[in-house]
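Below are the chains, spelled out letter by letter.
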Amino acid sequence: MSAEKYLVRPARTGDVPKIKQLVEPLVQERILLGKETVVFYEAVQEFRVAEDAVGNLIGCGALHVMWEDLAEVRTLAVARDWLGHGVGHAMLDRLEADARELGLSRLFCLTFEVDFFGRHGFVDMGTETVDASVYAELVRSPDEGVAEFLDLARVKPNTLGNTRMVKRLV
(Lines give C-alpha, C1' and ligand atoms only; values in the text may rest on other atoms or scores of the structure.)
Protein backbone atom coordinates (compact mmCIF):
# COMPACT_ATOMS: atom_id res chain seq x y z
CA MET A 1 0.00 0.00 0.00
CA SER A 2 2.96 2.34 -0.15
CA ALA A 3 1.68 4.06 -3.31
CA GLU A 4 -1.77 4.44 -1.75
CA LYS A 5 -3.31 4.86 -5.16
CA TYR A 6 -6.90 3.91 -5.71
CA LEU A 7 -9.68 4.65 -8.13
CA VAL A 8 -13.37 5.20 -7.37
CA ARG A 9 -15.63 4.04 -10.19
CA PRO A 10 -19.17 2.80 -10.85
CA ALA A 11 -19.67 -0.82 -9.80
CA ARG A 12 -20.12 -3.55 -12.38
CA THR A 13 -21.98 -6.82 -11.98
CA GLY A 14 -18.63 -8.62 -11.72
CA ASP A 15 -17.94 -6.59 -8.55
CA VAL A 16 -20.95 -7.97 -6.66
CA PRO A 17 -19.20 -11.03 -5.15
CA LYS A 18 -16.33 -8.76 -4.03
CA ILE A 19 -18.75 -6.19 -2.57
CA LYS A 20 -20.49 -8.95 -0.63
CA GLN A 21 -17.12 -10.27 0.60
CA LEU A 22 -16.05 -6.75 1.67
CA VAL A 23 -19.31 -6.12 3.53
CA GLU A 24 -19.63 -9.54 5.21
CA PRO A 25 -17.23 -8.92 8.15
CA LEU A 26 -19.20 -5.75 8.98
CA VAL A 27 -22.43 -7.73 8.84
CA GLN A 28 -20.95 -10.29 11.25
CA GLU A 29 -20.00 -7.44 13.60
CA ARG A 30 -23.56 -6.06 13.30
CA ILE A 31 -22.27 -2.79 11.86
CA LEU A 32 -24.09 -3.25 8.53
CA LEU A 33 -27.25 -5.11 7.68
CA GLY A 34 -26.81 -8.29 5.69
CA LYS A 35 -28.26 -8.47 2.20
CA GLU A 36 -28.94 -11.34 -0.11
CA THR A 37 -26.71 -11.47 -3.18
CA VAL A 38 -29.67 -10.77 -5.45
CA VAL A 39 -30.22 -7.43 -3.65
CA PHE A 40 -26.66 -6.37 -4.50
CA TYR A 41 -27.23 -7.27 -8.16
CA GLU A 42 -30.54 -5.38 -8.20
CA ALA A 43 -28.80 -2.28 -6.82
CA VAL A 44 -25.46 -2.54 -8.65
CA GLN A 45 -26.09 0.71 -10.54
CA GLU A 46 -26.37 2.53 -7.16
CA PHE A 47 -22.90 1.37 -6.08
CA ARG A 48 -19.49 2.95 -6.46
CA VAL A 49 -16.40 0.93 -5.65
CA ALA A 50 -12.80 1.80 -4.86
CA GLU A 51 -10.05 -0.40 -6.20
CA ASP A 52 -6.34 -0.29 -5.50
CA ALA A 53 -3.60 0.00 -8.11
CA VAL A 54 -3.75 -3.74 -8.90
CA GLY A 55 -7.55 -3.93 -9.10
CA ASN A 56 -8.43 -5.24 -5.63
CA LEU A 57 -11.74 -3.95 -4.34
CA ILE A 58 -10.99 -1.89 -1.21
CA GLY A 59 -14.21 0.06 -0.68
CA CYS A 60 -17.82 0.37 -1.68
CA GLY A 61 -20.84 2.54 -1.11
CA ALA A 62 -24.26 3.10 -2.61
CA LEU A 63 -26.61 6.02 -3.18
CA HIS A 64 -30.27 5.00 -2.96
CA VAL A 65 -32.76 7.65 -4.07
CA MET A 66 -35.74 7.84 -1.72
CA TRP A 67 -37.59 10.94 -3.01
CA GLU A 68 -37.14 13.86 -5.38
CA ASP A 69 -34.74 15.67 -3.04
CA LEU A 70 -33.52 12.84 -0.81
CA ALA A 71 -31.22 9.81 -1.01
CA GLU A 72 -29.63 7.42 1.45
CA VAL A 73 -25.93 6.64 1.60
CA ARG A 74 -25.88 2.86 2.03
CA THR A 75 -23.38 0.08 2.52
CA LEU A 76 -20.35 2.36 2.87
CA ALA A 77 -17.49 0.00 3.68
CA VAL A 78 -13.69 0.06 3.48
CA ALA A 79 -11.29 -2.89 3.68
CA ARG A 80 -9.62 -3.00 7.11
CA ASP A 81 -6.13 -2.57 5.64
CA TRP A 82 -7.26 0.65 3.98
CA LEU A 83 -8.97 2.31 6.97
CA GLY A 84 -7.48 5.73 7.63
CA HIS A 85 -6.18 6.17 4.07
CA GLY A 86 -8.96 8.39 2.71
CA VAL A 87 -10.93 5.68 0.91
CA GLY A 88 -14.13 6.28 2.89
CA HIS A 89 -13.77 10.01 2.33
CA ALA A 90 -13.30 9.51 -1.42
CA MET A 91 -16.29 7.15 -1.57
CA LEU A 92 -18.53 9.63 0.26
CA ASP A 93 -17.32 12.51 -1.93
CA ARG A 94 -18.23 10.50 -5.03
CA LEU A 95 -21.68 9.60 -3.67
CA GLU A 96 -22.31 13.26 -2.81
CA ALA A 97 -21.25 14.30 -6.32
CA ASP A 98 -23.66 11.70 -7.73
CA ALA A 99 -26.41 13.10 -5.51
CA ARG A 100 -25.79 16.62 -6.76
CA GLU A 101 -25.86 15.40 -10.38
CA LEU A 102 -29.28 13.88 -9.66
CA GLY A 103 -30.52 17.21 -8.26
CA LEU A 104 -30.82 15.97 -4.68
CA SER A 105 -30.56 18.37 -1.75
CA ARG A 106 -30.42 15.99 1.24
CA LEU A 107 -28.53 12.84 2.11
CA PHE A 108 -29.53 10.43 4.85
CA CYS A 109 -27.50 7.72 6.52
CA LEU A 110 -28.01 5.27 9.36
CA THR A 111 -24.65 4.74 10.98
CA PHE A 112 -22.46 3.88 13.94
CA GLU A 113 -19.74 6.07 12.40
CA VAL A 114 -21.18 9.30 13.77
CA ASP A 115 -17.79 11.04 13.95
CA PHE A 116 -16.89 10.13 10.35
CA PHE A 117 -20.19 11.36 8.94
CA GLY A 118 -20.13 14.38 11.28
CA ARG A 119 -16.77 15.43 9.80
CA HIS A 120 -18.49 15.34 6.42
CA GLY A 121 -21.35 17.65 7.40
CA PHE A 122 -23.97 15.13 8.55
CA VAL A 123 -25.91 15.85 11.74
CA ASP A 124 -28.18 13.77 13.92
CA MET A 125 -31.59 14.26 12.37
CA GLY A 126 -33.55 13.83 15.59
CA THR A 127 -37.25 13.82 14.83
CA GLU A 128 -36.91 15.45 11.39
CA THR A 129 -38.66 13.67 8.54
CA VAL A 130 -40.64 15.21 5.69
CA ASP A 131 -43.91 17.07 5.21
CA ALA A 132 -47.16 15.15 5.55
CA SER A 133 -47.83 14.68 1.82
CA VAL A 134 -44.35 13.24 1.17
CA TYR A 135 -44.59 11.12 4.31
CA ALA A 136 -47.86 9.64 2.98
CA GLU A 137 -46.03 8.57 -0.19
CA LEU A 138 -42.83 7.33 1.46
CA VAL A 139 -44.67 5.24 4.04
CA ARG A 140 -45.88 3.04 1.15
CA SER A 141 -42.33 1.92 0.39
CA PRO A 142 -41.37 -1.61 1.46
CA ASP A 143 -37.73 -0.46 1.73
CA GLU A 144 -36.28 -0.76 5.24
CA GLY A 145 -34.05 2.28 4.68
CA VAL A 146 -37.13 4.41 4.05
CA ALA A 147 -38.71 2.98 7.22
CA GLU A 148 -35.57 3.91 9.18
CA PHE A 149 -35.62 7.43 7.72
CA LEU A 150 -39.27 7.87 8.70
CA ASP A 151 -38.52 6.37 12.14
CA LEU A 152 -41.46 3.99 11.77
CA ALA A 153 -42.51 1.88 14.71
CA ARG A 154 -41.78 -1.36 12.83
CA VAL A 155 -38.05 -0.54 12.93
CA LYS A 156 -37.95 0.68 16.56
CA PRO A 157 -35.71 0.21 18.23
CA ASN A 158 -33.79 0.43 15.00
CA THR A 159 -32.31 -2.81 13.85
CA LEU A 160 -28.73 -2.16 14.90
CA GLY A 161 -29.01 0.71 17.39
CA ASN A 162 -27.26 3.24 15.18
CA THR A 163 -27.83 6.98 14.52
CA ARG A 164 -30.03 8.57 11.87
CA MET A 165 -28.06 11.42 10.28
CA VAL A 166 -28.79 13.89 7.49
CA LYS A 167 -26.79 16.34 5.40
CA ARG A 168 -28.10 19.25 3.39
CA LEU A 169 -26.23 19.65 0.12
CA VAL A 170 -25.32 23.16 -0.96
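Scoring rules and cut-offs
- In this numbering scheme, every chain counts its residues from 1 along its sequence in written order.
- Confidence filtering applies because this is a predicted model: local features only for residues at pLDDT of at least 70, side-chain atom pairs given and counted only at 80 or more, and all residues used for totals across whole chains, interfaces and linings.
- Remark: hydrogens and water are excluded; side-chain values derive from all non-hydrogen atoms of the structure.
- Salt bridges are defined as contacts in which a side-chain nitrogen from Lys or Arg sits within 4 Å of a carboxyl oxygen from Asp or Glu.
- In this text, helices come from DSSP runs of H or I with a minimum length of four residues, and strands from runs of E with a minimum of two, each type numbered from the N-terminal end.
- By convention a nonpolar core is built from buried Ala, Val, Leu, Ile, Met, Phe, Trp, Tyr and Cys residues, the set being connected through side-chain atoms within 4.5 Å.
- Burial classes follow relative accessibility: with a 1.4 Å probe on protein chains only, a residue under 20% of its type's maximum area counts as buried, one over 50% as exposed, and anything between as partly exposed.
- Every residue pair with non-hydrogen atoms within 4.5 Å of one another is taken to be in contact.
- Two strands qualify as a pair provided DSSP detects at least 2 bridges between them.
- Angular values range over 0 to 180 degrees, each being the angle between N-to-C directions of two axes fitted as lines to C-alpha atoms, with helices fitted over their stretch in contact.

*Asks:* What is the right way to read the pattern of salt bridges from this model?
*Replies:* Side-chain pairs of opposite charge can arise where the charged atoms are in close proximity. Following the criterion strictly, the structure yields nine salt bridges and no others. A salt bridge links Glu-29 to Arg-80; the shortest N-O distance between them is 2.0 Å. Taken together, the positions of Glu-29 in the loop between helix H1 (16-28) and helix H2 (37-42) and Arg-80 in the loop between strand E4 (70-78) and helix H3 (87-101) put the pair 51 residues apart, joining distant regions of the chain. Asp-69 is the partner of Arg-106 in a salt bridge, and the nearest nitrogen-oxygen pair spans 3.3 Å. Taken together, the residues Arg-106 in strand E5 (residues 106-111) and Asp-69 in the loop between strand E3 (57-67) and E4 connect sequence positions 37 residues apart.

*Asks:* Can you walk me through the nonpolar core in this structure?
*Replies:* For soluble globular proteins, the rule of thumb is that nonpolar side chains tend to be buried together. Residues Ile-19, Phe-47, Cys-60, Val-73, Leu-107, Phe-117 and Phe-122 are the most contacted members of the largest nonpolar core, which totals 41 residues. Among the secondary structure elements, those contributing two or more residues to this core are H1, strand E2 (47-52), E3, E4, H3, E5 and helix H4 (114-119). Apart from the residues within four sequence positions on either side, Phe-117 is in contact with Val-73, Leu-76, Leu-92, Cys-109, Thr-111, Phe-122 and Met-165. Judged by nonpolar contacts, the second largest core, of five residues, contains Met-66, Leu-70, Phe-108 and Val-166.

*Asks:* What is the right way to look at the sheet that holds E4 in this model?
*Replies:* Think of a sheet as strands paired side by side through backbone hydrogen bonds, with each pair either parallel or antiparallel. Judged by pairing direction, the sheet is mixed, and its seven strands sit side by side in the order E1-E2-E3-E4-E5-E7-E6 without closing on themselves. The sheet is open, and its two edges are formed by strand E1 (6-10) and strand E6 (123-124), each paired on a single side. As defined by bridge partners, E3 adjoins E4 across seven bridges and the pair is classed as antiparallel. The residue bridging Leu-63 from the neighbouring strand is Val-73, located in E4. Sheet strands touched by H1: E2, E3 and E4. Its angle to E3, the strand with the most contacts, is close to 90°. Contacts from H3 reach E1, E2, E3, E4, E5 and strand E7 (163-168), with the element oriented near 30° to E3.

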